[in-house]
Amino acid sequence: MTAGCKAQPADSASAAPSSPPRAAATDDAKPAAQQSPSPDASSSSPQATATPAPKPDPQGTTLMASGSEGKQVRELQARLRQIGHFDRSPTGYYGTVTVAAVQSFQGKRGLSRTGRTDTVTWQKLLGMTHEPTAAELNPPATLPVTKPDKRCMTGRVLCISKNSRTLSWMIDGRVVSSMDVRFGSQYTPTREGTFSVYWKSRHHVSTIYHTAMPYAMFFSGGQAVHYSADFAARGYSGASHGCVNVRDKGKIASLFAQVRTGDKVVVYG
C-alpha cells in the first residue's frame with residue numbers, strides 16, 4: 001500500500017527556482033604594475049595601519065530565526081499577536097509568516113527589518129507586551145468552529161469542517177480540542193464522507209512524495225490527518241495532495257496520543 005501527501009502551492013503550479021546570482025567582476029583582479037620611486041621620494045618606509053576592531057552588531061545576538069521551533073517561538077507569536085503583528089494562532093514554528101510578522105514589528109520600531117528575532121528585538125517586544133496566558137499560547141483555532149455535523153455527535157470522532165477549516169476532536173458530542181487544518185487543492189481534493197482511522201504512524205514518511213508526515217492518522221486510502229511543517233510555515237498559501245494538514249505540532253501530538261484505531265472521521269463541506 002502506498003500512502004502519503006505532499007504540500008503544494010494553492011494553484012498547484014510550482015514556481016521554477018531562480019538561478020543563483022552571478023558574482024560581479026572586481027577591479028582588483030590584476031595588480032597594477034609597480035613604479036620605481038622618484039629620486040626625491042622619502043626613503044622612510046610607511047608606518048603600518050592598525051586594523052580597527054569590528055563594531056558590535058547593533059541588533060544583538062540572534063535568538064530565533066526561520067526554521068526555529070519550540071515554546072519560545074510560540075511565545076514570540078503570541079506576543080506579536082497581542083499588538084497586531086501576527087494574525088493567526090501560535091504554532092511554535094518560525095516560518096515565512098513569522099518572519100514577515102517580525103519584519104513588520106521591527107520596521108514599526110525603527111529596527112533593521114531582518115526578520116530574525118535578536119536580543120534587541122526580543123527585549124523591545126517584551127517591554128510592549130505581557131506574558132501570554134495559556135489561552136493565548138494555545139487558542140482553540142484561528143477561525144470560529146462551526147456547529148458540528150450531526151454525524152459527529154456520538155462516539156469518538158475527528159470532526160473536520162472544510163467550511164471553517166477546523167478539526168474538532170469530539171467525544172459523545174463534547175468538543176475536547178480544536179485546531180486549524182488545510183486541505184487538498186482542487187486537483188487533489190480531500191475526500192468527504194464518514195470514515196474511520198485504520199492506521200496510525202508516528203514518524204511516517206510518504207512513500208509517494210518522500211516527505212515527512214508526522215503523527216499521521218490514515219482514514220481513506222493514502223489520505224491522513226497529519227502535522228505539516230509547510231502549513232505551519234506558509235499557512236493557506238499552499239495545499240496538500242488530499243491529506244488534512246494540521247499546523248500546530250503540539251496539538252496534533254496530543255491528538256495522536258488520544259485517538260485510537262477505529263475512531264470515526266467525518267469530513268464535510
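Note that this is a predicted model, so its numbers are computed, not measured.

Analysis parameters
- Residues numbered from 1 in each chain as written.
- Predicted model: local features only at pLDDT ≥ 70, side-chain atom pairs only at ≥ 80, totals over all residues.
- Heavy atoms only, no water.
- Helix = DSSP H or I, 4+ residues; strand = E, 2+ residues; numbered from the N terminus.
- Buried < 20%, exposed > 50% of the residue type's maximum accessible area, 1.4 Å probe, protein only.
- Areas by Shrake-Rupley, 256 points an atom, 1.4 Å probe, with all protein chains shown as cover.
- Pairing = 2+ DSSP bridges.
- Axes fitted to C-alpha atoms, helices over the stretch in contact; angles between N-to-C directions.
- Parallel < 35°, antiparallel > 145°, perpendicular 65-115°, else oblique.
- Contact = heavy atoms within 4.5 Å.
- Nonpolar A, V, L, I, M, F, W, Y, C, P; charged D, E, K, R; others polar.
- Core = buried A, V, L, I, M, F, W, Y, C linked by side-chain atoms within 4.5 Å.
- Phe/Tyr/Trp six-rings, centres within 6.5 Å; stacked < 30°, edge-to-face > 60°.
- Salt bridge = Lys/Arg side-chain N within 4 Å of Asp/Glu carboxyl O.
- Left-handed = near helix turned anticlockwise from the far one by under 90°.

Remarks on the overall build of the chain
No. 1: Each helix and strand in the chain was counted, giving six helices and 13 strands.
No. 2: For the chain, with 269 residues in total, the buried portion stands at 40%.
No. 3: Looking at the chain as shown, the accessible area adds up to about 15000 Å², and 53% of this sits on carbon and sulfur atoms.

Some remarks on the pairing of strand 13 (residues 264–268)
No. 1: Of all five residues in strand 13, four are buried, a share of seventy percent or more.
No. 2: With five bridges joining them, strand 4 (residues 156–161) and strand 13 adopt parallel strand pairing. Bridging across to strand 13, Val-157 finds its partner in Lys-264.
No. 3: For strand 7 (residues 193–196) and strand 13, the ladder comprises four bridges, and the chain directions are antiparallel. Paired with Gly-193 across the bridge in strand 13 is Val-267.

Notes on the packing of helix 2 (residues 96–108) against helix 3 (residues 119–128)
No. 1: The geometry of helix 2 relative to helix 3 is characterised by a closest axis approach of 11 Å and an angle of 80 degrees between their N-to-C directions. Between helix 2 and helix 3, the crossing angle belongs to the class labelled roughly perpendicular. Facing helix 2, whose interface residues are Val-102, Phe-105 and Gln-106, helix 3 presents Thr-121, Lys-124, Leu-125 and Met-128.
No. 2: Of the residues in the contact of helix 2 with helix 3, the class split is four nonpolar, two polar and one charged.

A short note on the nonpolar core
No. 1: Among the nonpolar cores identified, the biggest contains 25 residues, and Ile-160, Val-225 and Leu-255 are the most heavily contacted of them.
No. 2: Sequence-distant contacts of Ile-160, defined by excluding residues within four places in its chain, comprise Thr-166, Leu-167, Val-181, Phe-183, Val-225, Val-244, Val-265, Val-266, Val-267 and Tyr-268.
No. 3: By size, the runner-up hydrophobic cluster in this structure holds 12 residues, among which are Val-99, Phe-105, Trp-122 and Leu-125.

Observations concerning the sheet that holds strand 13
No. 1: Spatially, the nine strands line up as an open sheet ordered 7-13-4-5-6-12-10-9-8, and their pairing is mixed. Looking at strand neighbours, the two that pair on one side only are strand 7 and strand 8 (199–205), the edges of this open sheet. When the angles between neighbouring strand axes are averaged without regard to direction, this sheet yields 30 degrees.
No. 2: With three bridges joining them, strand 9 (residues 212–220) and strand 10 (residues 223–227) adopt antiparallel strand pairing. Bridge pairing in strand 10 places Ser-220 opposite Gln-223.
No. 3: Here helix 6 (residues 249–258) sits on the sheet in contact with strand 4, strand 5 (166–171), strand 6 (174–182), strand 8, strand 9, strand 10 and strand 12 (244–246), set at roughly 50 degrees to strand 9.

Quick word on the packing of aromatic side chains
No. 1: With the rule as written, the count across this model stands at five aromatic pairs.
No. 2: Judged by centre distance (5.0 Å) and plane angle (15 degrees), the ring pair of Trp-199 and Phe-218 falls under stacked. Linking Trp-199 in strand 8 with Phe-218 in strand 9, this pair joins segments that are 19 residues apart in sequence.
No. 3: Among the residues examined, Phe-218 registers a relative accessible area of 0% and is labelled buried.

Section: the pattern of salt bridges
No. 1: One pass over the structure, following the stated rule, counts nine salt bridges.
No. 2: Across the salt bridge formed by Arg-156 and Asp-263, the nearest N and O atoms sit 3.1 Å from each other. Here Asp-263 lies in the loop between helix 6 and strand 13 and Arg-156 lies in strand 4, a separation of 107 residues in the sequence.
No. 3: Assessed through its relative accessible area of 6%, Asp-263 is described here as buried.
No. 4: The residue Arg-182 makes a salt bridge to Asp-230 at a minimum N-O spacing of 3.1 Å. With a gap of 48 residues between them, Arg-182 in strand 6 and Asp-230 in helix 5 (residues 229–234) connect regions that are remote in the sequence.
No. 5: The network of salt bridges with shared partners includes Arg-182, Asp-230 and Arg-234.

Comments concerning the packing of helix 1 (residues 71–82) against helix 2
No. 1: Their axes nearest at 11 Å, the elements helix 1 and helix 2 cross at an angle of 50 degrees. Judged on the interaxial angle alone, helix 2 and helix 1 are oblique. Seen from above, helix 1 lies across helix 2 with left-handed handedness. Residue-level contacts link Leu-76, Gln-77 and Leu-80 of helix 1 to Thr-98, Ala-101, Val-102 and Phe-105 of helix 2.
No. 2: By residue class, the composition of the contact of helix 1 with helix 2 is five nonpolar, two polar and no charged.

Take it as geometry only, folks, not as evidence of what the structure does.
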